[in-house]
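Close look at the chain arrangement
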Amino acid sequence: IDEVKYDGLAVTLRYEKGLLTRAATRGDGLTGEDVTNNVRTIKSIPLRLKTSTPPAVLEVRGEVVMFKEAFETLNALQRELGKKEFVNPRNAAAGSLRQLDASKTASRALNFFAYGLGELQSDFVPESQSALLNWYEEIGIPVSHLRGVWHSPEQLLAKYNWLMNLRPDLAYEIDGVVYKVNNFAQQAKVGFISRSPRFAVAHKFPPEEMQTILEGIDVQVGRTGAITPVGRLLPVFVGGVTVTNATLHNESEVRRKDVRIGDTVIVRRAGDVVPEIVGPVLALRPADAKEFVMPTHCPHCNSPVVRPEDEAVSRCSNNWTKCDAQRQGGMEHFVSRNAMYIDGIGEKVIETLIGSGYAPTPDFLYRMEENHYIALFGEKVGYKLYVAVQQSKDTTFQRFILGLGIRHVGEGTSKRLAAHFKTFDALMYASVEDITQVPDVGEVTAKSVHDALKDPQFTAIVDNMLNAGVNWPITVTPVFVGDHPMKDKTFVLTGTLPTMTRDDAAAMIEKVGGKVSDSVSKKTNYAVVGANAGSKAIKAAALNIPILGEDELVALLNRDAAAGDPNATFEIRTVEKDGSTIQIPVDL
């Protein structure tokens with residue numbers, strides 16, 4: 001089946017017994033924004049499903065879009081009021097849906113198209129994508145009429161070309177076509193790669209290209225010290241936005257494209273998102289066009305710029321604890337959701353903290369007193385930031401390692417380092433050879449970790465944070481007699497669990513030798529299902545795979561732990577759930 005690829009904002013609608021009860025944006029993929037009141041104003045979305053036998057729960061996934069005519073009307077009003085115009089319908093739709101005043105959303109004529117399924121509790125379960133969309137139409141949920149079911153690549157390409165020619169005449173913006181395996185059982189067999197499905201692929205339309213003048217080439221210094229040439233352009237409108245800067249990636253790319261300052265260049269938005277320079281129009285090259293020269297020293301800290309023999313990227317030889325340009329990105333990474341997750345501290349707050357001198361490095365976040373935050377941000381916001389910082393002190397070793405921003409260390413590597421070394425002292429005193437003993441950690445990454453932890457200024461920052469109270473539990477590994485019964489069993493996790501993250505659950509499973517997969521197949525032994533579970537839960541049920549809730553998973557792992565050794569259970573913590581007290585394992 002093929003469907004158009006909308007250029008809008010992804011939204012999930014939740015119906016209970018036929019009534020719209022909740023609407024949310026996709027957010028970070030786990031937690032979205034509640035936009036229920038605003039979605040209720042979208043006339044194409046039914047508040048009650050048109051059926052006498054509604055499902056107990058139905059979650060509809062789709063896209064909120066603004067039609068071109070409504071977009072032009074909105075921008076005409078913005079001009080009349082002397083306000084900034086929206087650059088494209090997608091941004092206008094997103095901004096309209098996030099209005100605090102729902103009446104403003106209602107005035108902006110938004111629309112909705114459904115394309116997917118989340119949680120479904122119903123006697124009727126569609127067997128295919130086409131059956132799902134047909135059912136949506138029957139119960140009053142809007143879907144695109146441009147979809148079709150085909151049986152060959154040639155038919156798909158013909159539809160793609162037809163839609164590309166039709167695109168300018170459509171009432172709304174699309175940026176490509178999505179091809180999907182139609183049958184849900186076959187989708188389950190095909191499965192997923194990481195977070196992407198194998199059973200669906202987007203075929204995007206070619207990006208719009210325009211010509212403009214390259215007025216100069218500056219360099220930007222990123223969080224890891226990477227020095228990126230950025231072209232300064234005579235402003236040009238391309239792909240729905242006005243572009244003034246475009247990336248040139250690295251020095252070798254500048255040479256390969258033979259781009260020179262003063263050239264007329266072709267500009268496009270890669271994936272309709274990131275502006276990039278395709279190349280020069282050589283016939284229009286002026287006689288005084290100048291070649292780009294990579295600086296020999298960092299423009300921010302004056303440290304030498306280095307380029308390792310095996311890399312294309314030039315870098316500032318300093319790290320983010322010493323280079324001002326890297327410090328902003330380093331701090332943003334430190335407080336990010338997957339690292340230390342200090343709620344409320346973002347780009348602007350960090351700029352203020354660094355600019356004021358209160359917090360040039362992250363250890364000062366924990367050394368600042370409440371009155372310091374209040375002095376900078378006011379009583380209400382300052383107090384909230386102070387509390388968020390204090391709460392972040394109780395973390396995990398994995399998050400702490402990731403937050404340090406060591407080059408080559410991402411989420412997977414930080415998790416493996418934490419599991420292997422358990423304490424910071426053990427990691428700090430490890431040799432390069434010791435670190436390479438960690439699964440999937442090579443010599444380059446090991447040397448990067450080793451060198452960072454031998455830098456006195458870097459380790460002083462770490463010591464300051466630990467002395468200020470940053471801590472994590474030292475986990476206890478259960479001792480089993482023989483293999484745990486869950487060894488080599490495959491689990492799939494989907495939805496939001498009541499009291500732990502999916503990472504917590506995955507760590508428990510992996511600790512006893514189990515495997516966590518991203519896709520449901522006949523080889524899956526258990527599906528662990530939480531709230532707002534999607535198609536994985538449906539596929540697991542269709543394949544008769546045992547489905548567990550959080551409590552059942554905990555009981556299964558601890559029960560089977562006791563089967564190997566009565567004393568071998570997980571370290572337990574007590575939490576409140578639904579007004580009662582339950583016990584669950586800490587993350588291992």
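This is a predicted model, so every value here is computed, not measured.

Attention now goes to the pairing of strand β17 (residues 490-494). In summary, the side chains of a regular strand alternate between the two faces of the sheet. The buried fraction of β17 amounts to five of the five residues, a majority that puts the element mostly inside the structure. By the alternation rule, side chains of β17 split into T490, V492 and T494 and F491 and L493, which are all buried. Examined bridge by bridge, β17 and strand β18 (residues 515-517) share three bridges and lie parallel to one another. Paired with F491 across the bridge in β18 is V516. Taken together, β17, helix α20 (residues 502-511) and β18 constitute a β-α-β crossover, and its handedness is right-handed. Pairing geometry for β17 and strand β19 (residues 526-529), over four bridges, is parallel. Across the sheet, residue T494 finds its bridge partner in β19, namely V529.

Moving on, we come to the pattern of salt bridges. When the charged atoms of two side chains lie near each other, side chains of opposite charge can form a pair. All told, the structure shown has 26 salt bridges when counted by the stated rule. For the salt bridge of R14 with E16, the shortest nitrogen-to-oxygen distance reads 2.9 Å. Accessibility expressed as a relative area gives 17% for R14, which makes it buried. Three or more residues are tied together by salt bridges with common partners; here these are D258, R260, D263, R285 and E291.

Let us now look at the environment of L20. Structurally, L20 is set in strand β3 (residues 19-25). Classification of L20 as buried rests on a relative accessible area of 3%. Between the alpha carbons of L20 and E370 there is a distance of 43 Å; along the sequence they are 350 residues apart.

Spatial strand order, β3-β2-β4-β5: four strands in an open sheet with antiparallel pairing. Sheet topology places β3 and β5 (110-121) at the edges, where each strand pairs with a single neighbour. Sheet twist, expressed as the mean angle between neighbouring strand axes with direction ignored, is 25°. Summarising the sheet, strand β2 (residues 9-16) and β3 pair through six bridges and their orientation is antiparallel. Across the sheet, residue L13 finds its bridge partner in β3, namely A23. Sheet contacts for helix α3 (residues 89-97): β2, β4 (57-66) and β5; angle to β4, the most-contacted strand, approximately 125°. Those strands touched by helix α5 (residues 129-138) are β4 and β5, and its axis lies near 120° from that of β5.

Pairing analysis gives seven bridges linking strand β10 (residues 209-221) to strand β11 (residues 226-238), with the strands arranged antiparallel. Along β11, the bridge assignment pairs V221 with I227. In sequence, β10 turns back onto β11 through a hairpin of four residues, with G225 there showing a positive phi of about 90°. Sheet analysis places β11 next to strand β16 (residues 314-316), joined by two bridges and oriented antiparallel. From the neighbouring strand, A226 faces β16, where its bridge partner is R315. Two strands pair when backbone bridges link them, and β11 and strand β12 (residues 241-247) are joined in this way by six bridges, in the antiparallel orientation.

Before going further, it helps to examine the sheet that holds strand β1 (residues 2-6). Working definition: the strands of a sheet are paired by backbone hydrogen bonds and lie parallel or antiparallel to each other. Spatially, the three strands line up as an open sheet ordered β1-β6-β9, and their pairing is antiparallel. For this open sheet the edge positions go to β1 and β9 (200-204), each flanked by a neighbour on one side alone. Neighbouring strand axes in the sheet, compared pairwise and without regard to direction, differ in orientation by 30° on average. In terms of strand pairing, strand β6 (residues 174-180) meets β9 through five bridges, oriented antiparallel. Considered in β9, the bridge of V178 is made with A202.

Take M340: it is sitting in the loop between α9 (324-334) and α10 (347-356). In this structure the C-alpha to C-alpha distance between M340 and K415, which are 75 residues apart in sequence, comes to 14 Å. Setting aside residues no more than four positions away along its own chain, M340 makes contact with F334, V335, Y366, S392, T395, R399, F400 and V470.

A few words now on unusual backbone geometry. Backbone geometry at Y341 places phi at a positive 45°, although glycine is not the residue there. Within the secondary structure, Y341 sits in the loop between α9 and α10.

Thresholds applied
Residues numbered from 1 in each chain as written. Predicted model: local features only at pLDDT ≥ 70, side-chain atom pairs only at ≥ 80, totals over all residues. Heavy atoms only, no water. Buried < 20%, exposed > 50% of the residue type's maximum accessible area, 1.4 Å probe, protein only. Helix = DSSP H or I, 4+ residues; strand = E, 2+ residues; numbered from the N terminus. Pairing = 2+ DSSP bridges. Right-handed = clockwise from strand over helix to strand, strands pointing away. Salt bridge = Lys/Arg side-chain N within 4 Å of Asp/Glu carboxyl O. Axes fitted to C-alpha atoms, helices over the stretch in contact; angles between N-to-C directions. Contact = heavy atoms within 4.5 Å.

Function cannot be read off these values alone, since they describe shape.
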